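Overview (structure and organization)
Each chain, letter by letter, is given below.
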Amino acid sequence: MHLRIILRSGAVALRRMRVPLFLSKFSRRDFTVHQHLLLCATRELEKETWRGLRDRVEDSKAVDEVLGLTRTPHFTTPQKFLQRIPRGWFALLMKRLTGLLTSTLFLAADGTGFLLRAASTHYLRRLGQEIEVRDYLKSVDLVDVPTGLIVATRSLPGNRHEAPHLVSLLRTMEAPVAEVYGDKAFDSERIHRSLRELGAEGYIDVRGTPARPAARAGLRGHGVVLDRHARLTAAR
């Protein structure tokens, strides 16, 4: 993706978000909040490392023209900046930037779990013992397949199912959703009905249960989902 387009679209998104130029009136004013956020967004979209981002800034004239940098920041400066700002700023910027850069979204939905403790189970496994895990966190994520960006996420208790939250996440998208991919966990009549209302085409694996409706009896299997995912990924 052209770097100049990313930076200019990000600048538009930041003006709409009304993000201040500086975090404090006592700031040194070497770099603005907008400059840092746009550099971090560029790194995320271009899949660069922090050192690679610094090299990209030094070699690109578009960065100097659009951002107006007087000097190149150290590669750790944007990284430390993300730890100081409100957490929602960067997430909202990436969401709105994706909406500006893409006319339609091709979203893959999935849920994953995280343990809430850092205790190592290495020696338990060596001794052949098991521990019952009760405390864990689950998240439902929507990923834009062409760009590989997580455009929406929601945290849930570990014992909650992710399927009821898919539709509400889809309705928060600022760009039209063209297609939605998912596994059998998202196979429900409510989700399929909502996708039709949103004008999106669903590529969701069908559960192999005898009670599934006849209208979806011919959709069994996940080859279509994998073929569409491979084609969109290859087009990036």
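Structure: see above.
The structure contained in this document is the topic of the report that follows. (Residues numbered from 1 in each chain as written. Predicted model: local features only at pLDDT ≥ 70, side-chain atom pairs only at ≥ 80, totals over all residues. Heavy atoms only, no water.)

Let's shift gears to empty space enclosed by the protein. Evaluation of the coordinates by the stated rule reveals two cavities of 30 Å³ or more. In this structure, the largest cavity spans a volume of roughly 50 Å³. In terms of lining, the largest cavity is formed by Leu39, Trp50, Leu53, Arg54, Val57, Pro73, His74, Phe75 and Pro78. In terms of residues, the lining of the largest cavity owes the most to one element, helix H3 (residues 50-59), which gives four residues. Of the residues in the lining of the largest cavity, the class split is seven nonpolar, one polar and one charged. In this structure, the second largest cavity occupies an estimated 40 Å³ of space. Taken together, Lys95, Thr98, Gly99, Leu105, Val151, Met173, Glu174 and Ala175 make up the lining of the second largest cavity. Looking at the lining of the second largest cavity, the element that brings in the most residues is helix H6 (residues 87-101), giving three residues. Its residues assigned to classes, the lining of the second largest cavity shows four nonpolar, two polar and two charged. (1 Å grid on protein atoms, 1.4 Å probe; cavity = no way out; pocket = protein on both sides within 12 Å on 5 of 7 lines; lining within 4 Å. Points joined across faces, edges and corners; volume = space filled by probe spheres on them. Helix = DSSP H or I, 4+ residues; strand = E, 2+ residues; numbered from the N terminus. Nonpolar A, V, L, I, M, F, W, Y, C, P; charged D, E, K, R; others polar.)

Attention now goes to the layout of surface pockets. Computed from the structure, the largest pocket encloses a volume of approximately 480 Å³. What lines the largest pocket is a set of 17 residues, and nearest its centre among them are Ala91, Met94, Ile150, Val151 and Thr153. Tallying contributions element by element places H6 first for the lining of the largest pocket, with seven residues.

Along the chain, the position of Met94 falls in helix H6. Note on Met94: relative accessible area 8%, which makes it buried. Measuring from C-alpha to C-alpha, the distance between Met94 and Leu149 comes to 8.2 Å, with 55 residues separating the pair along the chain. (Buried < 20%, exposed > 50% of the residue type's maximum accessible area, 1.4 Å probe, protein only.)

A grouping of Phe114, Leu116 and Leu137 is seen on the molecular surface, where their side chains present a nonpolar patch of about 270 Å² in accessible area. Within the fold, Leu116 resides in the loop between strand E1 (105-115) and helix H7 (122-126). (Patch = residues over 30% accessible without salt bridge, like charges linked within 9 Å, V, L, I, M, F, W, Y side chains within 5 Å. Areas by Shrake-Rupley, 256 points an atom, 1.4 Å probe, with all protein chains shown as cover. Salt bridge = Lys/Arg side-chain N within 4 Å of Asp/Glu carboxyl O.)

Residues in a regular strand project their side chains so that they alternate between the two faces of the sheet. With four bridges connecting them, strand E4 (residues 177-182) and strand E5 (residues 201-204) associate as parallel partners. Bridged to Gly182 within E5 is Ile204. With helix H9 (residues 189-198) bridging E4 and its parallel neighbour E5, the resulting β-α-β unit is right-handed. (Pairing = 2+ DSSP bridges. Right-handed = clockwise from strand over helix to strand, strands pointing away.)

A few words on H9. Along H9, the residues that are buried comprise Ile191, His192, Ser194 and Leu195. Relative to the axis of H9, the buried residues are bounded by an arc of 165° and lie together on one face. Exposed residues pointing more than 90 degrees away from the buried face of H9 are listed as Arg196 and Glu197. Next to the buried residues of H9 lie helix H8 (166-170), E4 and E5. (Arc of directions from axis to C-beta. Contact = heavy atoms within 4.5 Å.)

A few words now on the side chain of Thr32. Topologically, Thr32 is positioned in the loop between helix H1 (3-17) and helix H2 (33-46). Among all residues touching Thr32, those that are not within four sequence positions of it are Leu21 and Phe22.

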